[in-house]
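# Architecture at a glance
Here is how the chains run, residue by residue.
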Amino acid sequence: MFRLFIALTLFTLIRCSTGISATEKKVVLSDSTEFYTLHIEYPDDYRDVDGVMKTFSHEAFDKKKEEWKVGGELYNEEKKVSEMFADRAYVKYAYHQEFESFLEDSLETISYLFTIYEYTGGANGNVITKTFTFNKDKKLVDIQDILDFNDYKDIKLSRLLADKALSDTTLFFKDFVEPGLGLAYLKGDGITLDHDKCNCDGYFFGSNFQNFVIRKDGITFYFDKYTLAPGAAGITKVHLSWDELTPYLKKPLPF
């Protein structure tokens, strides 16, 4: 077993994701054994007064260390498989988290987009996203602070997302987009969930909007790999302008 190495590094990072310089501190959590590598980066931003990004990152770090520890259940299972199939390629688990920042001076907001890659065997790993947005009052902004999901507006917004995505025929396909947004599981009336189609007890259409970045010209929504497009597309995004969102916006906006 390789010697366990844990590094915690804090340094200053300059990012210009929106063309405007934003200074934040970046924290790096790193750990490596013979079985896995962990590398997690997250911003130490003064606006995050409750430390939600820190908590999210440290919980993931601690969870993976425990689940993937040498001598643990997963480690022993992989060892057994390797012994049974001597020609099988060695599998080393990986969990990597990086982030981008999007500062909008005109709205006095900053959004952070976390990109998380996880590999536990097979040809390819999975990639998911997580976002955090803060306003001028150092408040974490929830999408339901911005958008009204009442009276089936969550479904109407999901249809708007689908239509916008499907306008790009080179990347998005109906067979991916409509199931990915839950629209393929509705009955003919367009608002009632068909439980047999989705094989589920319920579906919250507001979940389609949880990962978002505030921009001066609208909101960009991000989706995990495989959600709206084939795996080769990786993480996908759909942008809706403020004009397109106007019928669904709450007033006053939290920024």
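For the structure itself, look to the data block above.
Please read all numbers here as calculations on a predicted model, not as lab measurements. (Residues numbered from 1 in each chain as written. Predicted model: local features only at pLDDT ≥ 70, side-chain atom pairs only at ≥ 80, totals over all residues. Heavy atoms only, no water.)

This next bit is on the pairing of strand β9 (residues 236–241). Going residue by residue along β9, you find Thr236, Val238 and Leu240 tucked away on one face and Lys237, His239 and Ser241 left uncovered on the opposite face. In terms of strand pairing, strand β8 (residues 218–223) meets β9 through 6 bridges, oriented antiparallel. When the sheet's bridge partners are listed, Phe221 is paired in β9 with Val238. (Buried < 20%, exposed > 50% of the residue type's maximum accessible area, 1.4 Å probe, protein only. Helix = DSSP H or I, 4+ residues; strand = E, 2+ residues; numbered from the N terminus. Pairing = 2+ DSSP bridges.)

On to the nonpolar core, then. Nonpolar side chains in soluble globular proteins generally cluster together in the buried interior. Counting 30 residues, the largest nonpolar core has Ile146, Leu147 and Phe221 as the members making the most contacts within it. Elements with a contribution of two residues or more to this core: α3 (153–166), β7 (212–215), β8, β9 and α6 (242–245). For this core, the element with the most residues is α3, which contributes 5 residues. Apart from residues lying up to four places away in sequence, Phe221 is in contact with Ile143, Leu147, Leu161, Phe209, Asn211, Phe212, Thr236, Lys237, Val238 and Leu240. Phe35, Tyr36, Met53 and Ala94 belong to the second largest nonpolar core, which has 25 residues in total. (Core = buried A, V, L, I, M, F, W, Y, C linked by side-chain atoms within 4.5 Å. Contact = heavy atoms within 4.5 Å.)

Turning our attention to the packing of aromatic side chains. Following the criterion strictly, the structure yields 14 aromatic pairs and no others. Residues Phe35 and Tyr93 carry aromatic rings whose centres are separated by 4.5 Å and whose planes lie at 35 degrees to one another, so their mutual orientation is tilted. Residue Phe35 is found in the loop between β2 (22–32) and β3 (36–44), and its partner Tyr93 is found in strand β4 (residues 93–104); the two are separated by 58 residues along the sequence. No difference in accessibility class separates Phe35 from Tyr93, as the two residues are buried. Grouped by ring-pair contacts, the aromatic residues Phe35, Tyr36, Trp68, Tyr75 and Tyr93 constitute a single cluster. Lying across the ring of Phe132, Lys130 places its NZ or CZ 5.4 Å from the centre. (Phe/Tyr/Trp six-rings, centres within 6.5 Å; stacked < 30°, edge-to-face > 60°. Lys NZ or Arg CZ within 6 Å of the ring centre and 35° of its normal.)

This brings us to the pattern of salt bridges. Side chains that differ in sign of charge can pair as their charged atoms come close. Within this structure, the stated rule accounts for 10 salt bridges. Its salt-bridge partner being Lys69, residue Glu66 comes within 3.0 Å of it at the nearest N-O pair. The partly exposed category is assigned to Glu66, whose relative accessible area is 49%. Glu78 is paired through a salt bridge with Arg88; the nearest N and O atoms lie 2.8 Å apart. (Salt bridge = Lys/Arg side-chain N within 4 Å of Asp/Glu carboxyl O.)

With that settled, consider the sheet that holds β9. In space, the 3 strands of this open sheet follow the order β7-β8-β9, with antiparallel pairing throughout. Strands at the two margins of the open sheet, each flanked by one partner only, are β7 and β9. Direction aside, neighbouring strands of the sheet carry axes that sit 20 degrees apart on average. With 4 bridges joining them, β7 and β8 adopt antiparallel strand pairing. Within β8, the position partnered with Val213 by the bridge is Thr220. Packing against the sheet, α3 makes contact with β8 and β9, and its axis sits at approximately 110 degrees to β9. (Axes fitted to C-alpha atoms, helices over the stretch in contact; angles between N-to-C directions.)

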